[in-house]
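Below are the chains, spelled out letter by letter.
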Amino acid sequence: MELLYAITLGVLTTCGIYLLLRARTFTVILGLTLLSHAVNLYLFASGRLVAGGPAIIGLTERSADPLPQALVLTAIVIGFAMTAFVVVLALKAAVELRNDHVDGENPDEDRA
Amino acid sequence: MPLALIILLPLTGACLPALMRGRSSLLLASVSAIPALLSLLLLLSWLPHVMHGGEAIVQQLTWLPSLGLNVSFRLDGLGLLFALLITGIGCLILLYARYYFEGNDASARFFTLMLLFMSAMLGIVLSENLLFLLVFWELTSLISFLLIGFNTDRHAARLGARMSLVITGGGGLALLGGVVLLGQAAGSYELSAVLAAGDRIRAHEHYGLMLNLILLGAFTKSAQFPFHLWLPHAMSAPTPVSAYLHSATMVKAGLFLLARLHPALGDTSAWFHLVTLTGMLTLMLGAFVAMFMHDMKGLLAYSTVSHLGLVMLLIGLGTPMALAAALFHLVCHALFKAPLFMMAGFVDRATGTRDMRRINGMWRFMPAMMVLSGICAAAMAGLPLMSGYLSKKMLFTESLLVTAPDWAVVVIPAWVTLAALFSVAYSIRIFHNVFFNGRPINLPIWPPRGPRPAALSPIALLALATLLVGLAPAPVYSALVQPAFVAAHQALVDSYDFSTLGGGVPMAMSIVALIGGALFYHMRDPLFRLHARLPEVDAKEIFDWIMRSAIALSQRRVFQLENGSLQRYLAFILLTVLVLVGLELMGVDHWDGGVALAPLDPLTVMAAILLCLAAIGVAIYHHHRLPALLLLGVTGLFVTVTFARFSAPDLALTQLMVEVMAVVIMMLALSFLPQKSPKESSRSRFYRDLTIAVLMGIGVTAFSFAILTRPQETISDFFLANSVPGGGGTNVVNVILVDFRGFDTLGEITVLGIAAVAVFAFTRDLHLKERVVDTIPGHWVAEPHPIMLSTVARLVLPIALMVSAYIFLRGHNLPGGGFIAGLITAVALTLQYMAGGLVWAQERMLTPFRPLIGAGILIAVFTGLGSWLFGYPFLTSAHGHVRLPLIGEFELATAMLFDLGVYATVVGATLLVLANLGKLMTVAGPGKEIG
């Protein structure tokens, strides 16, 4: 199970980073979302994978680590706020620069 | 009496003229003279102690012991000699400046800088700690920069200032490196320790590097070839600055440093060759160029360069009395050069030019100055009975004592004789050309009016001192120079016996130099013509060329790295992470930490595969934005499932709600942005990015697997144990959020609120009317508000609100809480927007979202503050049991009030973002702002 989880994290990271490196703002937002999924899942897993044991006192014998969960919960909400903010930035850039390239100008070819 | 006072007096005194801008130079000079004179008196009070061979006085204050940096002061013969020169000549310069700046409104700045400079310079010579010394060293460079550029409106002044800063500042950096090496070799930065560790330092493996760096610092400061460039260009400074910084004091800092560090670094072959050869070159070059300068100050500047070279040569020489000769000459030079500069300044003011081809016959206009300058020029030339005569003869004597290496035995005596010949020639020239040599030619100011008699007082005092040293060298020597000589040697050494300076070869060398110099000057006209035909080497152009190429080179390098492409920067950052983390991960020998793996079940495997496929789908189909976004929603859902699968119901609920909202927001954005991303990545680019991404993915997989299979150490046992007794709730996650780590949560909702308000601010004046690419395509809004959706949405609203209230109330004990309840409410209200349209919803809804955010944060803060009323720390919670009809008994904690704040902030922030983004997309345009 742990290996499967780790591979899933790797796939999410790969896709996220690949998209982050693209040239258009919307794609970067997609990549950012995937990457934050990966980060949240990773942080969550630092409390180890426990099945059937929510961190509620008196419910089960063995309970999951509540601390990473609490941290990830706020991370999810802040991640949402960040996504919203980046979306607006992208919109603003698109309006003011008349294109949605990350550098603010539409190159005929890649600048690398 | 603390030595620091000597430095602090001028430092604090510098405020006085600064506070008196625009006052007369008499007042400013008098005010500035007070701290300078006080420092001088304090120093003089130490003179008897030092004169009688007293121990060096060291006073220490620890500052940053971990760096070896202490505020520590040292007063010994060497420091005292320099400090007396600095304060003594400084006072006379202030007196001179009082006349020089008469009627100049900007002189307050000059006096302030002058006192600051005096303080910094005293810091150099009185520091015991080498790092502390460096601080003052850099300060003198900076103040010199400000003083050279004093006339900020003149291009030459700005250029000269910049040049001096580049050269002396660069040397300062080298010196820093050298001093750090030196301190490490000696094991301490305190001079007492460094000077005592000479043998260890000279045997150190980095001795060569250390010596070179320190010499670089000293050479740049003391204008040694080829770093002498800056000194002639520094002559665009006002004359008091030239007389003080660029002849009497600052340029001697390098000489001081070498004399100071001589016991630690000196008397090796490398020292001899580097210091002596540099000194020789500088001596000759300066003397030769000075001869042909037509500018009075230029001649004096090059002559200063030459004299600095002379002292440098003596410091390197290594014969028993060479250092004594060096220090003696240094004093003589300060005494005769400063008044010559003062004279040049007055003549410049009186005639309006510094060109000696035009200024002639000034004896008619300034006879007193002629006499005084004559004394000083005679000392510079080394005429018998003058101070310069003695120091030159000391130089000749020492040059004859050199025994090794072979070439030096003949070359050095011949070389110094030739240089002395030049110096005789230029000394005659400045005196004769200015005061005699026929009549003035076409002066800008006519008739020239010499300064009033009182203004000559500083020149007279210095000329008198020059005479005194020449007539009675022995007492001056034994009072000032001998203690300095002892301090520079760190050993008991014999006093210089002036009676041995009789005849013999040195006498002959002197005579040769005098006669040769006079002849040379006599035949100057053909020589000048010859010189004029020589190709002109303008140091400034070379310097400019070096600076231009350096700037061009660094610009090219910078642009190679920074070409403005964000993708490129991101790739660089990621590559750096890969390399750094990769190197660390190489060291992991077993990835499997050994903890037993949980068994796989088919359903989870299936979900994981779907999650991965959805993510890969997003990456592959990202050119088609809408499908990619839908696939992104799928990954979000599977992330939710993952949380649920691994015992995190709160996370699952949160993720679910957030996912809905995030997809809605991105949809809104997409309705405006282009629907497709153009395919523009080149093949190589694609592979580069894919490689980076895959490597990162592999890295993440590897170390998360390593972590997951290692035993866990957690601090959560505390939370699990104290959740019920301490926080009054059984849902530990929620108790952590609102109680144990409430302060974090408070910070987080604040961030959330700020982000929402930022979105609001951005959308406020965003006009999507000027749409860039394809306007909202038809198929997007085929059916604006489907009837089924709007009907169901209205029914769902009360139910959803009730659910959110329930989730909120139970949150302390069962999955739920403010965050989740807030998101549910927000989603329910968003549904109304979507179903009925913005206008429809607007009409039926109160939308004070920003006040709601503010209220939420305030509720949370005041809940926290409330615990102060009961004498508990911020955010301490209290709880009790409450029974509500129908719902049953539940615990009510103050934490719930806090959670209410969280709830309000989340609802407000989410809806503020959504409504304002939605507003942008309406066909009607922005309209009234929402929230």
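Definitions and limits used
- All chains use their own residue numbering, which begins from 1 and follows the written sequence.
- Written order decides the labels, with chains lettered from A and ligands numbered from 1.
- Given that the model is predicted, a residue must reach a pLDDT of at least 70 before its local features are reported, and side-chain atom pairs must reach 80 or more before they are shown or counted; all residues, however, enter totals for whole chains, interfaces and linings.
- The secondary structure listing takes helices from DSSP runs of H or I that are at least 4 residues long and strands from runs of E that are at least 2 residues long, numbered from the N terminus.
- Neighbour density around each residue's C-beta defines its exposure: 20 or more other C-beta atoms within 10 Å make it buried, 12 or fewer make it exposed, and counts between make it partly exposed, where C-beta atoms are placed from the backbone.
- Here, residue contact means that the backbone-derived C-beta atoms of the two residues sit within 7 Å.
- DSSP calls a pair of strands paired once it identifies at least 2 bridges connecting them.
- UniProt positions are given in the numbering used here, feature names are shortened, and annotations may be inferred rather than shown by experiment.
- Each residue gets one of three labels, nonpolar for Ala, Val, Leu, Ile, Met, Phe, Trp, Tyr, Cys and Pro, charged for Asp, Glu, Lys and Arg, and polar for the others, Gly among them.
- A fitted line through C-alpha atoms represents every axis, and for helices the fit uses only the stretch in contact; the resulting angles, taken between N-to-C directions, go from 0 to 180 degrees.
- Every angle not falling under 35 degrees, over 145, or within 65 to 115 is termed oblique; those three ranges are roughly parallel, roughly antiparallel and roughly perpendicular.
- Crossing handedness follows the turn of the near helix against the far one: under a right angle anticlockwise gives a left-handed crossing, and clockwise gives a right-handed one.
- Each nonpolar core reported here comprises buried Ala, Val, Leu, Ile, Met, Phe, Trp, Tyr and Cys residues connected via C-beta atoms within 7 Å.
- Confidence scores here are pLDDT values: one per residue, from the predictor, ranging 0 to 100.

### Overview of the overall build of chain A
Link 1 in the chain: Helix and strand counts for chain A come out as three helices and zero strands.
Link 2 in the chain: Ordering the α and β elements of chain A from the N terminus gives α-α-α.
Link 3 in the chain: With 112 residues in all, chain A has 62% of them scored as buried.
Link 4 in the chain: Long-range pairs, those at least 24 residues apart, make up 45% of the contacts in chain A with a sequence separation of at least 6.

### Quick word on the overall build of chain B
Link 1 in the chain: Helix and strand content of chain B: 37 helices and four strands.
Link 2 in the chain: Here chain B holds 931 residues, and the buried ones make up 50% of them.
Link 3 in the chain: A separation of at least 24 residues holds for 79% of the contacts in chain B among residues at least 6 apart in sequence.

### Focus: the pairing of strand β1 (residues 57-64) of chain B
All names here are of chain B.
Link 1 in the chain: Where β1 meets strand β2 (residues 69-75), seven bridges bridge the pair, whose relative direction is antiparallel. When the bridges of β2 are listed, Q59 appears paired with F73.
Link 2 in the chain: Where β1 folds back onto β2 in an antiparallel hairpin, the turn is made up of four residues, including G68, whose phi is positive at roughly 75°.

### Here we look at the UniProt feature "transmembrane region" (unreviewed entry) in chain A
All names here are of chain A.
Link 1 in the chain: If you check UniProt for "transmembrane region" (unreviewed entry), the listed places come out as residues 6-21, 28-50 and 70-91 in our numbering.
Link 2 in the chain: Helix and strand shares over residues 6-21 are 94% and 0% respectively, and the end C-alpha atoms of the span are 23 Å apart.
Link 3 in the chain: The straight-line gap between the two end C-alpha atoms of residues 70-91 is 32 Å; of that span, 100% is helix and 0% is strand.

### Some details on the environment of A51 of chain A
Link 1 in the chain: Tracing the backbone shows A51 of chain A in the loop between α2 (25-45) and α3 (66-97).
Link 2 in the chain: Distance from A51 of chain A to S63 of chain A, taken between C-alpha atoms, is 8.7 Å for residues 12 residues apart in sequence.

### Here we look at the environment of F422 of chain B
Residue and element names in this part refer to chain B.
Link 1 in the chain: Mapped onto the fold, F422 is located in helix α19 (residues 406-435).
Link 2 in the chain: Judged by local crowding, F422 falls into the buried class, with 24 C-beta atoms found within 10 Å.
Link 3 in the chain: Along the backbone, F422 and L283 are 139 residues apart, and their C-alpha atoms lie at a distance of 10.0 Å.
Link 4 in the chain: Ignoring sequence-local partners within four residues, the contact set of F422 consists of A287, F288 and M291.

### Observations regarding the interface of chain B and chain A
Link 1 in the chain: Counting residues at the interface gives 106 residues for chain B and 82 residues for chain A.
Link 2 in the chain: If one sorts the elements of the side of chain B that touches chain A by residue count, helix α29 (residues 683-708) of chain B sits on top with 15 residues.
Link 3 in the chain: Taken together, the residues of the side of chain B that touches chain A break down into 69 nonpolar, 27 polar and 10 charged.

### Digging into the packing of α3 of chain A against helix α32 (residues 742-764) of chain B
Link 1 in the chain: In contact at an axis separation of 9 Å, α3 of chain A and α32 of chain B are set at 15° when each is read in the N-to-C sense. For the element pair α3 of chain A / α32 of chain B, the angle class is roughly parallel. The element α3 of chain A and its partner α32 of chain B pack so that their crossing is left-handed. Counting all contacts with α3 of chain A, which are made through T74, V77, I78, A81, M82, A84, F85, V88 and K92 of chain A, the residues of α32 of chain B involved are T745, E748, V751, L752, A755, A756, A758, V759, F762 and T763 of chain B.
Link 2 in the chain: Looking at the contact of α3 of chain A with α32 of chain B residue by residue, the class counts come to 14 nonpolar, three polar and two charged.

### Observations regarding the nonpolar core
Link 1 in the chain: Ranked by internal contacts, the top residues of the largest apolar core, which has 205 residues, are I214 and L327 of chain B.
Link 2 in the chain: Looking at this core, the element that brings in the most residues is helix α16 (residues 322-351) of chain B, giving 22 residues.
Link 3 in the chain: With residues up to four places along the chain from it excluded, the contact list for L327 of chain B reads L81, A259, V481, A484 and F485 of chain B.
Link 4 in the chain: Judged by nonpolar contacts, the second largest core, of 134 residues, contains F26, L30 and L41 of chain A together with V907 of chain B.

### Description of unusual backbone geometry
Link 1 in the chain: Note the cis peptide between F225 of chain B and P226 of chain B, where omega equals 0°.
Link 2 in the chain: Phi is positive for R48 of chain A, which is not a glycine, with a value near 70°.
Link 3 in the chain: By the element assignment, R48 of chain A lies in the loop between α2 and α3.
Link 4 in the chain: Positive phi is not limited to glycine here, since N442 of chain B has a value of about 55°.
Link 5 in the chain: Inspection of the secondary structure assignment puts N442 of chain B in the loop between α19 and α20 (457-471).

### Structural notes on the packing of helix α1 (residues 2-20) of chain A against helix α26 (residues 602-620) of chain B
Link 1 in the chain: Running from N to C, α1 of chain A and α26 of chain B cross one another at 10°; their axes reach a closest spacing of 9 Å. With respect to each other, α1 of chain A and α26 of chain B are oriented roughly parallel. Here α1 of chain A contributes L4, T8, V11, L12, C15, Y18 and L19 of chain A to the contact with α26 of chain B, which in turn contributes V605, A608, L611, C612, A615, I616, V618 and A619 of chain B.
Link 2 in the chain: Classifying every residue of the contact of α1 of chain A with α26 of chain B gives 14 nonpolar, one polar and no charged.

### Topic: the confidence of the model for chain B
All names here are of chain B.
Link 1 in the chain: When pLDDT is averaged along chain B, the result is 87; 95% of the residues meet or exceed 70.
Link 2 in the chain: pLDDT under 50 marks residues 772-776. Its contacts with residues more than four places away, or in other chains, come to eight contacts.
Link 3 in the chain: Overall fold confidence for the complex sits at a pTM of 0.66, while the interface term, ipTM, reaches 0.93.

### Looking at the environment of I820 of chain B
Residue and element names in this part refer to chain B.
Link 1 in the chain: Residue placement: I820 occurs in helix α34 (residues 818-836).
Link 2 in the chain: A tally of 29 C-beta atoms within 10 Å means that I820 is categorised as buried.
Link 3 in the chain: Excluding anything up to four places from it in sequence, I820 contacts D650, L653, T654, M657 and I807.

### A short note on helix α12 (residues 239-248) of chain B
All names here are of chain B.
Link 1 in the chain: Counting buried residues in α12 gives 10 out of 10 residues, a clear majority hidden from the surface.
Link 2 in the chain: For α12, the set of buried residues is T239, P240, V241, S242, A243, Y244, L245, H246, S247 and A248.
Link 3 in the chain: For α12, the elements touching its buried residues are α4 (77-100), α5 (107-126), α6 (130-148), α11 (230-233), α15 (296-317) and α16.

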